[in-house]
Amino acid sequence: MGAKPEAGKAYSDKRPGELWKSLERIIRICNREEIDLLLIAGDLFHRQPLKKELREVNAMFADLQKTQVVLIAGNHDHMTYRSCYADFPWEKQVHFLGRGQEMEWVEFPQLQTAVYGKSYHSREIREPLDAADWRRRHLQPKEILLLHGGDETHLPFRKEDLLRLGYDYVALGHIHKPGILAAGRAAYAGALEPTDRSDTGDHGYLLGEWKETGGTLRFVKSAGRKYIPLSVETTERDTAYEIRQRIEAAVRKMGTEHLYKIRLQGRRSPDLLLEQEEMDIFGNLVEWVDDTRPAYDLERLKQRNKDNLLGQMIGEMEEAPEESRHYRALCRGIQALLETGRSL
Ligand SMILES: [Mn+2]
């Protein structure tokens, strides 16, 4: 919550509201599926939550019929002495762990389960995970740890050390991409919704179940939109009209509700009129990279311009690797010279 992701002009304003809607869907799923525990492993908010935002979240949690909520604060919404988390009066089924610096826990005897966790009290935690600080107390048959971080500056840990703590399950937060760290033992649910254009791929939540026969854990897609990288191949025969149609067809096929990062690749006619604005057909274009190379008749141009700057640049370009920045810079320079028309 509280993120304002780049979402393409048609979506930018509605995107923050959509993130709230996404949480609302989770509440309905909890009620429908009679979920026992909803675990939120930090960074529920993208920044310090406002009191009115906590009231909204709390009102949603209040609708839970059977579900207990356990949450911690992550690096984005870390605790400070004036954090609204510090003294917020949560509903009785909501358990916020981490008003203090030490490990806290909540027991659910009817579920024979305890959930442990610690909130961030700073933006970063550079010290690696210390087993003594994170040990379980063996209060219930099943014990779960909520842990936020895992990269260099946010509680670095080695997988073996995490598993050695002996929890039945570690619900991990911080990394936006969902991923199982150790089958049935530790996993990142990932961000419920992608909140940045680098959050490509599917987003949703993890649904875990303990039965007599063992546990299962599966990822469930639930995000309303995703960021999709789309490569479009061009040839020197293509017109802008044709490229536009190609983009339109691809976006329609994958879904106009998604947000696209488009990269043009291949050759293109030297005098192609291509406006990025024109290519944002559905208002969901968030990134545009034009890596096409103009298909000049270089031999002819070099012959005609061997005594001037253009000829010199073409000579240099032929030496440079096609993928290099230098090559692309020369391409642009040559194009600029050609557009003035004088060298032709
Ligand atoms: Mn984080």
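Residues numbered from 1 in each chain as written. Predicted model: local features only at pLDDT ≥ 70, side-chain atom pairs only at ≥ 80, totals over all residues. Heavy atoms only, no water.

1. Points about the environment of leucine 145
Now for step 1: As for its placement among the helices and strands, leucine 145 is situated in strand S6 (residues 142–148).
Now for step 2: Given the relative accessible area of 0%, leucine 145 is considered buried.
Now for step 3: Placed 23 residues apart in sequence, leucine 145 and aspartate 168 show a C-alpha to C-alpha distance of 8.2 Å.
Now for step 4: Setting aside residues up to four positions removed in sequence, leucine 145 forms contacts with Met103, Tyr116, Gly117, Trp134, Leu165, Tyr167, Tyr169, Val170 and Ala171. (Helix = DSSP H or I, 4+ residues; strand = E, 2+ residues; numbered from the N terminus. Buried < 20%, exposed > 50% of the residue type's maximum accessible area, 1.4 Å probe, protein only. Contact = heavy atoms within 4.5 Å.)

2. Re the sheet that holds strand S7 (residues 169–173)
Now for step 1: Spatially, S4-S5-S6-S7-S9-S8 is the arrangement adopted by the 6 strands of the open sheet, whose pairing is mixed. Each end of this open sheet is capped by a strand with a single partner; those strands are strand S4 (104–108) and strand S8 (179–182). The average angle at which neighbouring strand axes cross in this sheet is 20 degrees, direction not considered.
Now for step 2: Bridge count between strand S5 (residues 113–117) and S6: 5 bridges; the pairing is parallel. Looking across to S6, one finds that threonine 113 is bridged to lysine 142. (Pairing = 2+ DSSP bridges. Axes fitted to C-alpha atoms, helices over the stretch in contact; angles between N-to-C directions.)

3. Quick notes on the coordination of the manganese ion
Now for step 1: The manganese ion binds to the protein through Asp43 (OD), Asn75 (OD1), His148 (NE2) and His174 (ND1); the donor distances cover 2.1 to 2.2 Å.
Now for step 2: Positions of the donor residues of the manganese ion along the chain correspond to the pattern D-x31-N-x72-H-x25-H. Taken as a pair, aspartate 43 in the loop between strand S1 (37–40) and helix H2 (51–62) and histidine 174 in the loop between S7 and S8 lie far apart in primary sequence, 131 residues in all. The same class applies to aspartate 43 as to histidine 174, namely buried. (Donors = N, O, S within 2.8 Å, 3.2 Å for Na, K, Ca; no water.)

4. What to know about the packing of helix H7 (residues 309–319) against helix H8 (residues 325–340)
When two helices pack together, their arrangement is captured by the angle between the axes and the distance separating the axes.
Now for step 1: For the pair H7 and H8, interaxial distance at closest approach is 10 Å and the crossing angle is 155 degrees. Here H7 lies roughly antiparallel to H8, going by the angle between them. Considering only the axes of H7 and H8, their crossing is left-handed. Counting all contacts with H7, which are made through Leu309, Leu310, Met313, Ile314, Glu316 and Met317, the residues of H8 involved are His326, Tyr327, Leu330, Cys331, Gly333, Ile334, Leu337 and Leu338.
Now for step 2: Per-class residue counts for the contact of H7 with H8 are 11 nonpolar, 2 polar and 1 charged. (Parallel < 35°, antiparallel > 145°, perpendicular 65-115°, else oblique. Left-handed = near helix turned anticlockwise from the far one by under 90°. Nonpolar A, V, L, I, M, F, W, Y, C, P; charged D, E, K, R; others polar.)

5. Examining the sheet that holds S1
Strand pairs in the sheet, formed through backbone hydrogen bonds, run parallel or antiparallel to each other.
Now for step 1: Taken together, 3 strands build an open sheet; the order of strands is S1-S2-S3 and the sheet is parallel. Each of the sheet's edge strands pairs with one partner strand only, and the pair in question is S1 and strand S3 (94–96). Geometrically, the sheet is characterised by an average inter-axis angle of 15 degrees between neighbouring strands, direction not taken into account.

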